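Given next are the chains, with one letter for each unit.
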Amino acid sequence: MDTRPKVSSLLNRMANYTNLTQGAKEHEEAENITEGKKKPTKTMLTAISMSAIATNGVVPAGGSYFMISRALGPEFGGAVGLCFYLGTTFAAAMYILGAIEIFLVYIVPRAAIFRSDDALKEAAAMLNNMRVYGTAFLVLMVLVVFIGVRYVNKFASLFLACVIVSILAIYAGAIKSSFAPPHFPVCMLGNRTLSSRHIDVCSKTKEINNVTVPSKLWRFFCNSSQFFNATCDEYFVHNNVTSIQGIPGLASGIITENLWSNYLPKGEIIEKPSAKSSDVLGSLNHEYVLVDITTSFTLLVGIFFPSVTGIMAGSNRSGDLKDAQKSIPIGTILAILTTSFVYLSNVVLFGACIEGVVLRDKFGDAVKGNLVVGTLSWPSPWVIVIGSFFSTCGAGLQSLTGAPRLLQAIAKDNIIPFLRVFGHSKANGEPTWALLLTAAIAELGILIASLDLVAPILSMFFLMCYLFVNLACALQTLLRTPNWRPRFRYYHWALSFMGMSICLALMFISSWYYAIVAMVIAGMIYKYIEYQGAEKEWGDGIRGLSLSAARFALLRLEEGPPHTKNWRPQLLVLLKLDEDLHVKHPRLLTFASQLKAGKGLTIVGSVIVGNFLENYGEALAAEQTIKHLMEAEKVKGFCQLVVAAKLREGISHLIQSCGLGGMKHNTVVMGWPNGWRQSEDARAWKTFIGTVRVTTAAHLALLVAKNISFFPSNVEQFSEGNIDVWWIVHDGGMLMLLPFLLKQHKVWRKCSIRIFTVAQLEDNSIQMKKDLATFLYHLRIEAEVEVVEMHDSDISAYTYERTLMMEQRSQMLRHMRLSKTERDREAQLVKDRNSMLRLTSIGSDEDEETETYQEKVHMTWTKDKYMASRGQKAKSMEGFQDLLNMRPDQSNVRRMHTAVKLNEVIVNKSHEAKLVLLNMPGPPRNPEGDENYMEFLEVLTEGLERVLLVRGGGSEVITIYS
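Quick notes on the rules
- Residues numbered from 1 in each chain as written.
- Predicted model: local features only at pLDDT ≥ 70, side-chain atom pairs only at ≥ 80, totals over all residues.
- Heavy atoms only, no water.
- UniProt positions renumbered as here; feature names shortened; annotations may be inferred.
- Salt bridge = Lys/Arg side-chain N within 4 Å of Asp/Glu carboxyl O.
- Helix = DSSP H or I, 4+ residues; strand = E, 2+ residues; numbered from the N terminus.
- Buried < 20%, exposed > 50% of the residue type's maximum accessible area, 1.4 Å probe, protein only.
- Axes fitted to C-alpha atoms, helices over the stretch in contact; angles between N-to-C directions.
- Parallel < 35°, antiparallel > 145°, perpendicular 65-115°, else oblique.
- Contact = heavy atoms within 4.5 Å.
- Nonpolar A, V, L, I, M, F, W, Y, C, P; charged D, E, K, R; others polar.
- Pairing = 2+ DSSP bridges.
- Disulfide = S-S within 2.5 Å.
- pLDDT = per-residue confidence, 0-100.
- Core = buried A, V, L, I, M, F, W, Y, C linked by side-chain atoms within 4.5 Å.
- Patch = residues over 30% accessible without salt bridge, like charges linked within 9 Å, V, L, I, M, F, W, Y side chains within 5 Å.
- Areas by Shrake-Rupley, 256 points an atom, 1.4 Å probe, with all protein chains shown as cover.

The protein chain carries the name Solute carrier family 12 member 6 in an unreviewed UniProt entry, which gives Aotus nancymaae as its organism. As its UniProt record puts it under Subcellular location (unreviewed entry), the protein chain is described as follows: "Cell membrane". Taken verbatim from the UniProt record of the protein chain, the Catalytic activity (unreviewed entry) comment is "K(+)(in) + chloride(in) = K(+)(out) + chloride(out)".

Undergrad: What is the right way to look at the pattern of salt bridges in this model?
TA: Pairs can form between side chains of opposite charge once their charged atoms are near each other. This structure, assessed with the given rule, holds 14 salt bridges. For the salt bridge of Lys272 with Glu257, the shortest nitrogen-to-oxygen distance reads 3.2 Å. With Lys272 in the loop between helix H9 (255-258) and helix H10 (297-304) and Glu257 in helix H9, this pair connects stretches of sequence that are 15 residues apart. By relative accessible area, which is 10% here, Lys272 ends up buried. According to the relative accessible area criterion, Glu257 is partly exposed, its value standing at 33%. Residues participating in the shared-partner salt-bridge network are Glu257, Lys272 and Glu355.

Undergrad: How should the packing of helix H23 (residues 683-697) against helix H32 (residues 930-940) be read in this particular structure?
TA: For any two helices packed against each other, one specifies the inter-axial angle together with the distance between the axes. The geometry of H23 relative to H32 is characterised by a closest axis approach of 10 Å and an angle of 90° between their N-to-C directions. Between H23 and H32, the angle is such that the two are roughly perpendicular. Contacts from Trp685, Phe688, Ile689, Val692 and Arg693 of H23 reach H32 at Asp930, Glu931, Tyr933 and Met934. Considering only residue class, the contact of H23 with H32 consists of six nonpolar, no polar and three charged.

Undergrad: How should I be thinking about the pairing of strand E10 (residues 701-706) in this particular structure?
TA: Two faces belong to every sheet, and in a regular strand the side chains alternate between them. The buried fraction of E10 is high, at six of six residues. Residue alternation in E10 divides its side chains into two sets, Ala701, Leu703 and Ala705 and Leu702, Val704 and Lys706, and both sets are buried. The sheet contact formed by E10 and strand E15 (residues 947-951) spans five bridges and is antiparallel. Residue pairing in the sheet places Val704 in a bridge with Leu949 of E15.

Undergrad: Whenever I open this one, the sheet that holds strand E2 (residues 192-193) confuses me. Can you help?
TA: Read across the open sheet, the three strands follow the order E2-E1-E5; overall the sheet is antiparallel. The strands lining the two open edges of the sheet, one partner per strand, are E2 and strand E5 (241-245). Two elements, strand E1 (residues 185-189) and E5, share five bridges in a ladder whose sense is antiparallel. Each bridged residue has a counterpart across the sheet, and for Met188 the counterpart in E5 is Thr242.

Undergrad: It is not clear to me how unusual backbone geometry should be interpreted in this structure. Could you clarify?
TA: Cis geometry marks the peptide bond from Trp378 to Pro379; its omega dihedral reads 20°. With a phi close to 55°, Asn209 is a non-glycine residue in the positive phi region. Structurally, Asn209 can be placed in the loop between strand E3 (205-208) and strand E4 (211-214). Residue classification places Asn209 among the exposed residues on the basis of a relative accessible area of 73%.

Undergrad: What's the story with the state of the cysteines in this structure? I'm lost.
TA: A disulfide bridge is the covalent bond that connects two cysteines by way of their sulfur atoms. All told, the structure shown has two disulfides when counted by the stated rule. Here Cys187 pairs with Cys202 through a disulfide, and the sulfurs are 2.1 Å apart. An S-S torsion of about 90° defines the bridge between Cys187 and Cys202 as right-handed. Of the two residues, Cys187 sits in strand E1 while Cys202 sits in the loop between E2 and E3, which places them 15 residues apart along the sequence. Accessibility expressed as a relative area gives 28% for Cys202, which makes it partly exposed. The disulfide partner of Cys222 is Cys232, and the gap between their sulfur atoms is 1.8 Å. For the disulfide bridge between Cys222 and Cys232, the dihedral angle about the S-S bond is near 105°, and by the sign convention the bridge is right-handed. Linking Cys222 in the loop between helix H7 (216-221) and helix H8 (234-238) with Cys232 in the loop between H7 and H8, this pair joins segments that are 10 residues apart in sequence.

Undergrad: Please explain the pairing of E1 as it appears in this structure.
TA: Buried residues dominate E1, accounting for four of its five residues. Both E1 and E2 contribute to a ladder of two bridges, which runs antiparallel. Bridge pairing links Met188 to Thr193 in E2. Two successive antiparallel strands, E1 and E2, enclose a turn made up of two residues, where Gly190 displays a positive phi of approximately 65°.

Undergrad: Teacher, can you tell me more about the confidence of the model for the protein chain here?
TA: Do not read the fine detail of predicted coordinates wherever pLDDT is low. For the protein chain, per-residue confidence averages 78 on the pLDDT scale, and 80% of positions sit at 70 or higher. Looking over the protein chain, one finds the lowest element-wise mean pLDDT in helix H28 (residues 847-857), namely 34, and the highest in E1, namely 93. Throughout residues 1-42 the model reports pLDDT below 50, and contacts reaching past four residues in sequence, or to other chains, amount to 80 contacts. Note on residues 823-892: pLDDT under 50 across the span, and 116 contacts to partners over four residues away in sequence or across chains.

Undergrad: What am I meant to see in the nonpolar core here?
TA: Grouped burial of nonpolar side chains is what soluble globular proteins tend to show. Membership of the largest hydrophobic core comes to 73 residues, with the highest contact counts inside it found for Met312, Ile416, Leu419, Cys465 and Tyr466. Those elements that provide at least two residues to this core are helix H2 (45-54), helix H3 (64-72), helix H4 (74-107), helix H12 (324-353), helix H15 (381-412), helix H16 (432-448), helix H17 (451-479) and helix H18 (493-532). Judged by nonpolar contacts, the second largest core, of 55 residues, contains Ala592, Trp727, Leu735 and Ile753.

Undergrad: Just checking my understanding: could you explain a nonpolar patch on the surface for this structure?
TA: Among the surface-exposed residues, Leu504, Phe508, Trp512, Tyr513, Ile516, Met519, Val520 and Met524 lie close enough to one another that they form a single nonpolar patch of about 790 Å² accessible area. Examined against the element boundaries, Leu504 turns out to sit in helix H18. Under the relative-accessibility criterion, Leu504 is labelled partly exposed at 36%.

Encoded structure:
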């Protein structure tokens, strides 16, 4: 029965979709949220990118985190989302500290609990007051948020009204100053600004009962309170004390002085450039108004930037919006336009109405601590004071509302396991546990108590979030994924890229060390999610980018075969499954992981015998079993299962079709068919030989692991021992390369490599050993070399292949003795010969090709030697063909003579080796000799604990050149 939903019911569910938390009835009142109307971004680039992402589908709770994670994946989304959460939480602390500073400095100064008459300790006392009152304010705001978002929205309306009234008061005051500027005197000594906190009059002297007496200012600059016999500061003597208007008004033309920047170092006296001053230095007196911190553009950006971080305020509460796709773009862009106008116009008005020395006076020392903007506003400074206080309180409430919802969205996605508890909420949808954690982190920011220290931290987190929002939009646009269909049309990848670049630049401009710390934190979260978090498939852009990059790389790989220097074994591991679909020899995967060490391509293949339509479920189950085993053995690769009517056909299909383009296997790994002698069914070992034939026909390398159950696991580590290589026939360098690769793994790292080569009686064994040592030196492989002498008849089974390859091996070893000039001259010739190498099996179907190759191999021989070798080849072929075809007139001793003799030598030399690598001869052309071939390999490897039979693929895999 078809259980798919009807079209009518599907459309009904989609049309009535809501992203509101179930049970959150009060969220219905969230239509009038004013989330983005107080704080604009410095540029609209990020807003444009966010609008495009927000209109590309439904945006549930999580806002910026949801947008980034679905566009860039859970790792980026989680890392940036958590950093943005921390930034929003610290922003709440900053807003609360700002509210407390306004409360204690301008509203109720007497409410301070900690006081100090010492000017040096006064700042510390103020910080303690901010910690106490900040904690109290935080608890009060958390309670409001805990009750519900409905009450936060009601407070937001009140706070917004206060902010609007304050802004209008500033405009009204600026206009009024053009014809009636407020009385706001600033005392100057020459062109230097004086602090008015400890002086009674702005004059050197004053009249008391018609008597001129020194003022307090005189006493600060002179060593005596009397006019006579007083020694005064030189600058004080030569300059007059004057009083200037701190707010000269809009019509004063003061904007010409304030138009250009003039950054000062810490401790510098604040001066008015246009005022008259004698050219004397004088001493640095504490009654001057000094620069409290070294100013620069980067510092000011870092301090000012938190005031424009409200771009994400609306997106953070996307779960509370009925139509986030509509509300986020419109609300954000209109808020940016409005507040950008307010910010820029206020900057211009302040520069046009207020003296530069007053603008530089951070603590208001020159104006007795009065609020400059409040003095400029009309009708009363209290409008600004109250408006600023409620503005910071409202911003703090918004941050404490948005941050827990952001954390809850991250926790509900379950990408960070230890955050799972913070995904729970009350019946009305309020994230209780997330709110408590947010309050605890905000309290840390309040305990810091310094706005200048908190501001750069949250600036980094906000900028990082904006950077990735821009990156997500640019990536989706460039990839042109079919699902990228935003309703917001006014975006372009170039704008997003520009916004991303500006964000990155501002991070390092503001504070390079804070930027590095923020990136390290994000990187640690990213790696944690990557290794410990739950795997999610969200169709993100990073996956799309990976597909595009993979396609590009595969097309590049198709351009030609890999160079010898880039060759590494790309494995196809053939596994056998039992009746319960369990892997029979899991150590084969273990060995593959040790050989690869996480590099290159690994394909794990297996065959299920049967019909695909009937066995599809079994194939899926077996695939999952193999994938779990691959994960346990730390094998990074792919799994490929084939359902075929016959096992041999399935294996042949795997060998032929696995891989894609240039990413195909070049080496087949399989296990030896243990117990083939006792098996009544010959199909097992016949399948093995058939696989060897298919591998040889495909010109692939073959690795056969015998006694695979004795191979070490990944937790075992050999503290000593040898890896023995028996180099009888040159196979393109496979026997040299494999032990080197194995030693890269911790299991085999402490083993030593020993290379044994077989010499005939007519060979010069001493020179052969020297040549082989030189060859290994040029290959940069450390190994012990030993030459074993054997009679030609003892290795007759290898004679055919040895005839083909011996001259090549001899040429290679002699090549090491040539001069550099000669070696360079012959390099290309050797390469051409090697490229035609084929390890042809005894009596195989490749006789014609072998003939052609042999003629090329013996190009440098004399005619007599060439004819002798041809005769030797014919003799060897006849003898070994008789051996494998089991002619009735041949005894078992003669048939196994080669295997027994070689086995005696190998066991004698390598019986204690941790692993023995041997050349694997090819199977006979005539299938009637298959059983003899199996018997030959069995006898050859008898008495050895771990054996790896190696057959090269016909190409060079190792080179002496860099």
